[in-house]
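Here is what each chain is made of, one letter per residue.
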Amino acid sequence: QVQLVESGGGLVQAGDSLRLSCTASGATFRSYAMGWFRQASGKECEFVAAISWFDGANTNYADSVKGRFTISRDNAKNTVQLQMNSLKPEDTAVYYCAAASRYSFTTTGSSYDFWGQGTQVTVSS
């Protein structure tokens, strides 16, 4: 069992940057693959970024954020971050952190076992 708490969301203007953080507790964090997903109002939840367990050697991004977002993990601090640069209004959504225990690396939402409560990111034009 792992508990996830996201932070760092807020209201920014187009072109600005934000850094989301997700802190995990209750488990061996390094043995979980981690991911970020988002859900805009009236839309389905979509994959944003993923990082593999242990050393985080593998990462993957949705095409819509590739080159602008960076996922990273700090196993010593039990955190996973999402650095978001050059934000666009279409990035507006609730962002969720998720942990997967059965896979070393996955981009599929149904593969994740634990989810945070989400943090709102709003990008104004």
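In this text, all values refer to a predicted model and were calculated from it rather than measured experimentally.

S.K.: Tell me about the environment of T107, and name the residues and values.
M.R.: For T107, the location among the structural elements is in the loop between β9 (93-100) and β10 (114-115). Residue classification places T107 among the partly exposed residues on the basis of a relative accessible area of 32%. In sequence terms T107 and F69 are 38 residues apart; their C-alpha atoms lie 15 Å from each other. Those residues within four positions of T107 in sequence are excluded, and the remaining contacts are F37, F47, A50 and N60.

S.K.: Run through the pattern of salt bridges, naming residues and quoting values.
M.R.: All chains considered together, the criterion is met by 5 salt bridges. Between D91 and R38 there is a salt bridge; the shortest N-O distance is 2.9 Å. Separated by 53 residues along the polypeptide, D91 in the loop between β8 (79-84) and β9 and R38 in strand β4 (residues 33-39) bring together distant segments of the chain. Among the salt bridges present, the one from R68 reaches D91, with a minimum N-O distance of 2.8 Å.

S.K.: Account for the sheet that holds strand β7 (residues 69-74), with residues named and values stated.
M.R.: Strand order in the open sheet made by the 4 strands is β1-β3-β8-β7, with antiparallel pairing throughout. Edge positions in the open sheet fall to β1 (3-7) and β7, since each of these has one partner strand only. In this sheet, neighbouring strand axes are inclined to one another by 15° on average, regardless of whether the strands run parallel or antiparallel. Note that β7 and β8 share 6 bridges and pair antiparallel. Its bridge partner lying in β8, R73 is registered against V80.

S.K.: I'd like to hear about the side chain of R68, residue by residue, with values.
M.R.: Within the secondary structure, R68 sits in the loop between β6 (59-61) and β7. A polar atom in the side chain of R68 sits 2.8 Å from the side chain of D91. Beyond its immediate chain neighbours, meaning those up to four positions away, R68 contacts Q83, M84, N85, S86, L87, K88 and D91.

S.K.: Report on the nonpolar core, specifying residues and quantitative values.
M.R.: In terms of nonpolar packing, the biggest core is built from 37 residues, with L4, M34, W36, V80, L82, M84 and Y95 touching the most fellow members. Secondary structure elements with two or more residues in this core: β3 (18-25), β4, β5 (46-51), β7, β8, β9 and β11 (119-124). Top contributing element to this core by residue count: β9, with 6 residues.

S.K.: Run through the packing of aromatic side chains, naming residues and quoting values.
M.R.: All told, the structure shown has 6 aromatic pairs when counted by the stated rule. Both rings, one in F37 and one in W115, keep their centres 5.0 Å apart while their planes meet at 50°; by these two values the pair is tilted. Residue F37 is found in strand β4, and its partner W115 is found in strand β10; the two are separated by 78 residues along the sequence. F37 gets classed as buried once you look at its relative accessible area, which sits at 3%. Taken together, the aromatic side chains of F37, F47, Y112 and W115 make up a single cluster linked through ring pairs. Directly above the aromatic system of F29 lies the positively charged group of R73, at a separation of 4.5 Å from the ring centroid.

Reading the values: the criteria
Residues numbered from 1 in each chain as written. Predicted model: local features only at pLDDT ≥ 70, side-chain atom pairs only at ≥ 80, totals over all residues. Heavy atoms only, no water. Helix = DSSP H or I, 4+ residues; strand = E, 2+ residues; numbered from the N terminus. Buried < 20%, exposed > 50% of the residue type's maximum accessible area, 1.4 Å probe, protein only. Contact = heavy atoms within 4.5 Å. Salt bridge = Lys/Arg side-chain N within 4 Å of Asp/Glu carboxyl O. Pairing = 2+ DSSP bridges. Axes fitted to C-alpha atoms, helices over the stretch in contact; angles between N-to-C directions. Polar contact = N/O pair within 3.5 Å; in protein donor to acceptor, adjacent residues only side chain to side chain. Core = buried A, V, L, I, M, F, W, Y, C linked by side-chain atoms within 4.5 Å. Phe/Tyr/Trp six-rings, centres within 6.5 Å; stacked < 30°, edge-to-face > 60°. Lys NZ or Arg CZ within 6 Å of the ring centre and 35° of its normal.

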